[in-house]
Amino acid sequence: MQREIYLDNSATTRPYDAVIDYINDINRETYGNASSLHTKGIEAEKIIKAARQKIADTMKVDSKEIIFTSGGTESNNLAILGYLEANPRKGKHIITSSIEHPSVLEVFKYLQGKGYKVDFINVNQEGIIQIEELRQKITKETALISIMLVNNEIGSIQPLEDIVRARNELNREAVLHVDAVQAYGKIAILPKKSGIEMLTVSSHKIHGPKGVGALYVDKNIRIKPVLHGGGQESLLRSGTENVPGIGGFGMSAEMIHISREESYQRMENLRNLFIDSLNKRLDRFTIISPEHALPYILNISFGDLRSEVLLHHLEEKGIFVSTGSACSSRKSIHSHVLKAIGIKSCDIEGAIRFSFSAFNTEQEIIDTVETMKEIVPKISVTRKGR
Ligand SMILES: Cc1ncc(COP(=O)(O)O)c(C=O)c1O
């Protein structure tokens, strides 16, 4: 069997083996509907309760403040739409950044169409939002600010303290929602201590199953559901609970947090090894990710070649990477994130995102760079020859 080197962990991760086993066990044994009154239902309910507690513990919040959803996209939608629907008198102005994930950006554009005044704050070349601009935009009419903690394409980390301070000084009533999908399990996130009212997390980015996520909502904040039905999740997210998914998510959240700091160190080493090895073996590339980015994400442009071509050559050798973000890479549009940080079109065309996880090894990094040393000169030449 050909070796597999998976370097697309920001798109999704391979679940932990223990999580796969646990999900299988739940599917086999604990398949009851958590709302049923008999023991099969009660057992399923216990799994959800334990998972809710585990997720709450990782953020040091009350388990009643955790709502399970179908993933990061739904949590982002629920936070933004659900808050505005429940609080119509808080103002008709909302703020986000220009480099959010589509599951925030598209909600903001939708709301713009519904009459909200919307501001998209610009970022600097390092992918960090312009705090001065944010300060100028916050008014008494601002109902909600939604900012991602770590960007999924370049790994830039937003200065949460500065954002919270700006909000506190200029309009304490405006709620702050943070999309922490790429940050959760990698850096410490304590919403109560930080002053965040709502926080989105997703299971499949932390070696859990796909199709499950959570939204933290501070108990003093009121939101309304987006999905209406049987009233599960304290009336905020109807639909029969995804018990295996929720159970698996709880387990992966617990596991990733046990080794969080150690993994962060390892990722820094892997990223540095990657850059050092590239420097020794290739002469033309530009590192797009900022220096202080999350070490799990490394975006690099190989300038005069098309990233899709490189991606497929790497794939032939069993190495899996991404061009831009997985969510937009099938569309032939340029990444809005790379544009926002001022990357030239030709460099955007040659950009590849390598994203690491605790499953990756130094040997894999060395093998990847060796493979690139063979491929990159060949495909650069091919393109020039066209
Ligand atoms: C920053 C960010 N937010 C939200 C999402 C959406 O999460 P999910 O895939 O669980 O819907 C993603 C997924 O790529 C992401 O990277």
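We now turn to the structure provided with this report. (Residues numbered from 1 in each chain as written. Predicted model: local features only at pLDDT ≥ 70, side-chain atom pairs only at ≥ 80, totals over all residues. Heavy atoms only, no water.)

The next thing to look at is the site of the ligand. Contacts to the ligand come from 15 residues, most closely from G72, T73, D179, S202 and K205. Within the contact set of the ligand, an oxygen atom lies 2.8 Å away from a side-chain nitrogen or oxygen of Q182. The contact in question runs from an oxygen atom of the ligand to an N or O atom on the side chain of K205, over 2.6 Å. Contact with the protein chains removes 89% of the 390 Å² of surface that the ligand exposes when unbound. It is helix α3 (residues 72–86) that contributes the most residues to the shell around the ligand, 3 residues altogether. Each residue belonging to the shell around the ligand can be placed in one class, and the counts come to 3 nonpolar, 10 polar and 2 charged. (Near = heavy atom within 4 Å. Polar contact = N/O pair within 3.5 Å; in protein donor to acceptor, adjacent residues only side chain to side chain. Areas by Shrake-Rupley, 256 points an atom, 1.4 Å probe, with all protein chains shown as cover. Helix = DSSP H or I, 4+ residues; strand = E, 2+ residues; numbered from the N terminus. Nonpolar A, V, L, I, M, F, W, Y, C, P; charged D, E, K, R; others polar.)

The next point concerns the sheet that holds strand β12 (residues 351–355). Sheet architecture is open: 3 strands sit in the order β9-β10-β12, paired in antiparallel fashion. Bordering the open sheet on either side are β9 (286–287) and β12, each of which pairs with just one other strand. Where β9 lies against strand β10 (residues 297–301), 2 bridges are found, and the strand directions are antiparallel. Along β10, the bridge assignment pairs T286 with S301. (Pairing = 2+ DSSP bridges.)

With 89 residues, the main nonpolar core has F274, F302 and F354 as its most contacted residues. No other element matches the 7 residues that helix α2 (residues 39–59) contributes to this core. Domain assignment of the residues forming this core places at least three in each of domain 1 (5–13 + 260–384) and domain 2 (17–258). Once you skip the residues sitting within four places of it in the chain, F354 turns out to touch L7, F274, Y296, I297, L298, I300, F302, V321, T368 and M372. L84, A143, V175 and L215 belong to the second largest nonpolar core, which has 22 residues in total. (Core = buried A, V, L, I, M, F, W, Y, C linked by side-chain atoms within 4.5 Å. Buried < 20%, exposed > 50% of the residue type's maximum accessible area, 1.4 Å probe, protein only. Domains from an automatic or database assignment. Contact = heavy atoms within 4.5 Å.)

On to the pairing of strand β3 (residues 93–97), then. Burial analysis of β3 places 5 of its 5 residues in the buried class, which makes it a mostly covered element. Residues H93, I95 and S97 point to one face of β3 and I94 and T96 to the other, with burial holding for every one of them. For β3 and strand β4 (residues 117–121), the ladder comprises 5 bridges, and the chain directions are parallel. In the strand pairing of β4, S97 is matched with I121. In terms of handedness, the path from β3 via helix α4 (residues 102–113) over to β4 forms a crossover that is right-handed. Where β3 meets strand β5 (residues 142–148), 4 bridges bridge the pair, whose relative direction is parallel. Each residue of the ladder has a partner; that of I95, found in β5, is I145. (Right-handed = clockwise from strand over helix to strand, strands pointing away.)

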